[in-house]
Amino acid sequence: MSDVQNNAPIERNDTEDTVWVQEISFIDSVPRWLAMSFVFFVFVGTWQLVTFFEMVSPIILPTPWETLLDMIFVGKNLLTGGYMLVALWITIQEVILGFALAIALGFSLGILVGETAFGEKAVMPYLVAIDTMPKVAFAPLFVAWLGFGIESKVALAAFIATFPIVVGTAAGLHSADENARMLFKTMGATRMQTLFKMKLPTGLPQIFTGLKIGAVGVMAGAITGEFLGGGKGFGELIRVAASQLNTPRVFSLILYLSLVGLVVYLLVMHAQRKVVFWHEERVGAHD
Amino acid sequence: MNTAIAQDNAGSPSLGEPVYELSNVSKTYARNLVVALDDVSLTLRKGSFTSVIGSSGCGKSTLLKIMAGLIPPTQGRVALQGKPVTGPRRDIGMMFQQATLFPWKTAVENIVLPIEIRDGRAAAAKAMDKAHDLLDIVGLKGFDGVYPNELSGGMAQRASICRMLITEPAVLLLDEPFSALDELSRDMMNMELQRICREQDATAFLVTHSIQEAVILSDEIVVMKPRPGRVAEIVKVDLPRPRTLDMMTTPEFGEIVEYIRGLLDKGEDM
Ligand SMILES: Nc1ncnc2c1ncn2[C@@H]1O[C@H](COP(=O)(O)OP(=O)(O)OP(=O)(O)O)[C@@H](O)[C@H]1O
Ligand SMILES: [Mg+2]
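On a predicted model such as this, the values are computed, not experimentally measured, just so you know.

The subject of this paragraph is the site of ligand 1. Residue and element names in this part refer to chain B. Around ligand 1 there are 14 residues in total, and Ser56, Gly57, Lys60, Ser61 and Thr62 lie nearest to it. At 2.5 Å, a side-chain N or O of Ser56 approaches an oxygen atom of ligand 1. In this structure, Thr62 approaches ligand 1 through a side-chain N or O atom, which is 2.5 Å from an oxygen atom. Bound to the protein, ligand 1 loses 70% of the 640 Å² it would expose on its own.

Residues and elements named next belong to chain A. On the secondary structure map, Lys199 appears in helix α10 (residues 191-229). Engagement of the side chain of Lys199 in a polar contact is seen with the side chain of Glu115, the distance being 3.0 Å. Setting aside residues up to four positions removed in sequence, Lys199 forms contacts with Glu115, Gly172, Leu173, Arg181 and Thr194.

All names here are of chain B. Overall, antiparallel pairing links the 4 strands, which are arranged β2-β1-β4-β5 in an open sheet. One side of each edge strand has no neighbouring strand; the edge strands of this open sheet are β2 (34-45) and β5 (83-84). Two elements, strand β4 (residues 75-80) and β5, share 2 bridges in a ladder whose sense is antiparallel. Residue pairing in the sheet places Leu80 in a bridge with Lys83 of β5. Against the sheet, helix α1 (residues 60-68) makes contact with β1 (18-29), β2 and β4, and its axis sits at roughly 120° relative to β1, the strand it touches most.

By convention, interface size is frequently given as the accessible area that disappears when the constituent parts associate. Segmentation of chain A into domains returns domain 1 (2-52) and domain 2 (64-275). Taking only C-alpha atoms, the centre of domain 1 of chain A and the centre of domain 2 of chain A are 36 Å apart.

So, about the pattern of salt bridges. All told, the structure shown has 19 salt bridges over all chains when counted by the stated rule. A salt bridge links Glu236(A) to Arg239(A); its shortest N-O distance comes to 2.9 Å. Residue Glu236(A) and its partner Arg239(A) are both found in helix α11 (residues 234-243); the two are separated by 3 residues, about one turn of the helix. Arg239(A) sits in the partly exposed class, given a relative accessible area of 38%. The salt bridge partner of Asp201(B) is Lys46(B), with a shortest N-O separation of 3.8 Å. You can see Asp201(B) sitting in the loop between α7 (183-200) and β8 (203-208) and its partner Lys46(B) sitting in the loop between β2 and β3 (49-54), a full 155 residues away along the chain. Overall, Lys46(B) belongs to the partly exposed group, its relative accessible area being 35%. Salt bridges here are not isolated pairs; linked through shared partners, they connect Lys197(A), Lys105(B), Glu116(B) and Arg121(B).

What follows is about the packing of helix α4 (residues 64-79) of chain A against helix α12 (residues 247-275) of chain A. Residues and elements named next belong to chain A. Remark: α4 packs on α12, axes separated minimally by 8 Å, with the N-to-C direction vectors making an angle of 60°. By the angle between their axes, α4 is oblique relative to α12. Viewed along their axes, α4 and α12 form a crossing whose handedness is right-handed. Together, Glu66, Thr67, Asp70, Met71, Phe73, Val74, Gly75 and Leu78 of α4 and Pro248, Arg249, Phe251, Ser252, Leu253, Leu255 and Tyr256 of α12 make up the contact between the two elements. Per-class residue counts for the contact of α4 with α12 are 9 nonpolar, 3 polar and 3 charged.

With that out of the way, let us pick up the sheet that holds β3(B). Residues and elements named next belong to chain B. Reading across from one edge, β6-β7-β8-β3-β9-β10 is the order of the 6 strands in this open sheet, with mixed pairing throughout. The open sheet has two free edges, formed respectively by β6 (92-95) and β10 (230-236), since each of these has just one partner strand. The mean inter-strand angle of the sheet, taken between neighbouring strand axes irrespective of direction, is 15°. Pairing of β3 with β8 involves 5 bridges; the strand directions are parallel. Residue Ser51 lies in a different strand from β8, and its bridge partner there is Leu206. Running over the sheet, helix α6 (residues 153-165) touches β6 and β7 (171-175) and is turned about 165° from β6.

All names here are of chain B. One can read the domain layout of chain B as domain 1 (5-91 + 172-269) and domain 2 (97-168). Summarising the inter-unit geometry, the C-alpha centres of domain 1 and domain 2 are found 26 Å apart. Taken residue by residue, the interface counts 16 residues in domain 1 and 12 residues in domain 2. The contact between domain 1 and domain 2 buries some 1,300 Å² in all, and 66% of this surface belongs to carbon and sulfur atoms. When the buried area of domain 1 at its contact with domain 2 is split by residue, Arg90, Met189 and Ile196 rank highest and sum to 32% of it. There are 0 salt bridges connecting domain 1 and domain 2. Here domain 1 is connected to domain 2 by 3 residue pairs in polar contact (both at pLDDT 80 or more). Counting residues per element, the ones that place at least two in the side of domain 1 that touches domain 2 are β7 and α7.

Let us look at the layout of surface pockets. Of the pockets and cavities examined, the second largest pocket occupies roughly 450 Å³. Lining the second largest pocket are 18 residues, and of these Glu178(A), Met182(A), Lys185(A), Leu70(B) and Ile71(B) lie nearest its centre. At the level of secondary structure, the elements contributing two or more residues to the lining of the second largest pocket comprise α9 (178-186) and α10 of chain A. Of the residues forming the lining of the second largest pocket, the biggest block, 5 residues, is contributed by α9(A). Of the residues belonging to the lining of the second largest pocket, the class tally is 7 nonpolar, 3 polar and 8 charged.

About the cut-offs
For every chain, the first residue of the written sequence is number 1, and numbering continues from 1 along that sequence. Here the convention is simple: chains get letters from A, ligands get numbers from 1, in the order in which they are written. In keeping with the predicted nature of the model, local features appear solely for residues at pLDDT of at least 70, side-chain atom pairs appear and are counted solely at 80 or more, and the whole-chain, interface and lining totals rest on all residues. Only hydrogens and water are removed before side-chain values are computed, so all heavy atoms of the structure are retained for them. Distances are taken per atom, and a residue is near a molecule or strand as soon as one of its heavy atoms is within 4 Å of it. Polar contact criterion, stated in full: a pair of N or O atoms within 3.5 Å, where within protein one must be able to donate a hydrogen and the other to accept it, and residues adjacent in sequence count only if both atoms are side-chain atoms. Here the Shrake-Rupley method, with its probe set to 1.4 Å, supplies the accessible areas, and only the displayed protein chains count as covering residues. Only DSSP runs of H or I reaching four residues or more are called helices, and only runs of E reaching two or more are called strands; each is numbered from the N terminus. For this analysis, residues touch if any pair of their heavy atoms sits within 4.5 Å. Any two strands with at least two DSSP bridges between them are considered paired. Lines fitted to C-alpha atoms define the axes here, with helix axes fitted over just the stretch in contact, and angles between the N-to-C directions of these axes take values from 0 to 180 degrees. Those domain boundaries reflect an automatic or database domain assignment. For salt bridges, the criterion is a side-chain nitrogen of Lys or Arg within 4 Å of an Asp or Glu carboxyl oxygen. Burial status follows relative accessibility: with a 1.4 Å probe on protein chains alone, a residue under 20% of its type maximum counts as buried, one over 50% as exposed, and anything between as partly exposed. Angle categories: roughly parallel below 35 degrees, roughly antiparallel above 145, roughly perpendicular from 65 to 115, and oblique for all the rest. It is the rotation of the near helix from the far one that decides the hand of a crossing: anticlockwise by less than a right angle makes it left-handed, clockwise makes it right-handed. Polar here means any residue outside two lists: the nonpolar Ala, Val, Leu, Ile, Met, Phe, Trp, Tyr, Cys and Pro, and the charged Asp, Glu, Lys and Arg; Gly therefore counts as polar. Take the accessible area each of two parts loses on contact, using a 1.4 Å probe, and add the two losses: that sum is the buried area. Think of a 1 Å grid over just the protein atoms. A cavity is a set of points where a 1.4 Å probe fits yet cannot get out, a pocket is an open set with protein on both sides within 12 Å along at least five of seven lines, and lining residues have an atom within 4 Å of a point. Grid points are joined across faces, edges and corners, and a volume is the space filled by probe spheres set on the points.

Structure below.
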């Protein structure tokens, strides 16, 4: 993502002390993949050392090798449609449904709060109040209301992910500047036209920020729901493996789970690139 | 008094019908009780070019917003083509200091936006040809499909002129439209603006901080004084039309500029 052209060395056609040459720091000249692999190997190396000298008990921390072997085992099970795939599919369903619900709710509430004076005055304070609560604490309630099936997990996931989307949508609707508003007024635009042709497109970057935070929350919500409310999802597999002190399994399950979270996040990011093509994201750019 | 400058509060008889009529307009902002305008009366005649000049905060933008129907006056009456202005009107074209093009639309899509809002997408698609012609006129031929991010400040401002003109408004309200541009492009844009106004027989009302710009473009210059914002004097400019940039070196031009500068300095003391 960093701009390689900027870092290209400038051709020198004079002696060094008379020409001002853009200085490139060492880290800027290293490609991202290399820098990332470096961190990866340092991490795994430290991990290997710690386990090799048994600085911590193997029950607490398995070796990287054990973890890798277990990942291969779990991977096979997933690929051959074993019981783990069934569990993973349940969790994926919870995540998809929870996210869809959160988007629908968050978007509607965001428009209510960001567009109408009533929403801003009367509804927003309640949303802020609920948002400050530890939402995970509602999990037992959802289980009591919706049972041990995926419904209670979907509810918790959606509950957690809705608020960032509300906040992002509302902030996005407020981000249109005074001139744009006046312009739409002078063109005689209706409220709906102003909303859909100006305020919403203007606010898309913020809305997507909310969606990305929501995408992370929805994953956390689904797994927490499974921890606290049982069921047959991936979270349950983790819980069972942990109770059997099968730490390599816990590690590899978490890694596969984080892949799901990453895919959701990347999908949102890809949608953002397509939809908000005019807005350049500055992730990790430091020049 | 001077021969080239005639004090004239009744408007020039040589110009057309009154288009805009403001009588005793006052505005006090409720929020901070600032008296932005105090008893302003103005008449704009058809095809005339009027500039407003005055120090920062003397209520120029407020006046323009009231004329555009964006905010109501506290007192007084505003009429456009005989009908009182009670809200935004479609026979008004407006332009601001920033181009305010929308980044998700190409230049030409931005230009037909007023048509899209007024008559829907189909009408906007039909107006594309006209938008192409307008882009031609302002020297942006071939930039139709370009997104605003790729336009320079001056190019964006040209595109926003096209957007203002596409609905063929009877009145153009301009709030320092070129103040973000460098002097050269600004002069060029001003001459462009003059030509467009003459061709479309539009009535123009321009807020500016530049005395030269006001004099070269205007038939009448409304000089305002601050705190409370009010009209100090309406100065008539009798330079022949069409105006050219060379006229800026003539003694008549210099005299009017000096006269207005004097008025503005007096305003500062008050
Ligand atoms: N929305 C508002 N609410 C309250 N006060 C305002 C508002 N807009 C302007 N004012 C006040 O009204 C006065 C006139 O403002 P206005 O923007 O009309 O000045 P201006 O002549 O356009 O100034 P400038 O040349 O800097 O653009 C100022 O004192 C300003 O503080
Ligand atoms: Mg102003």
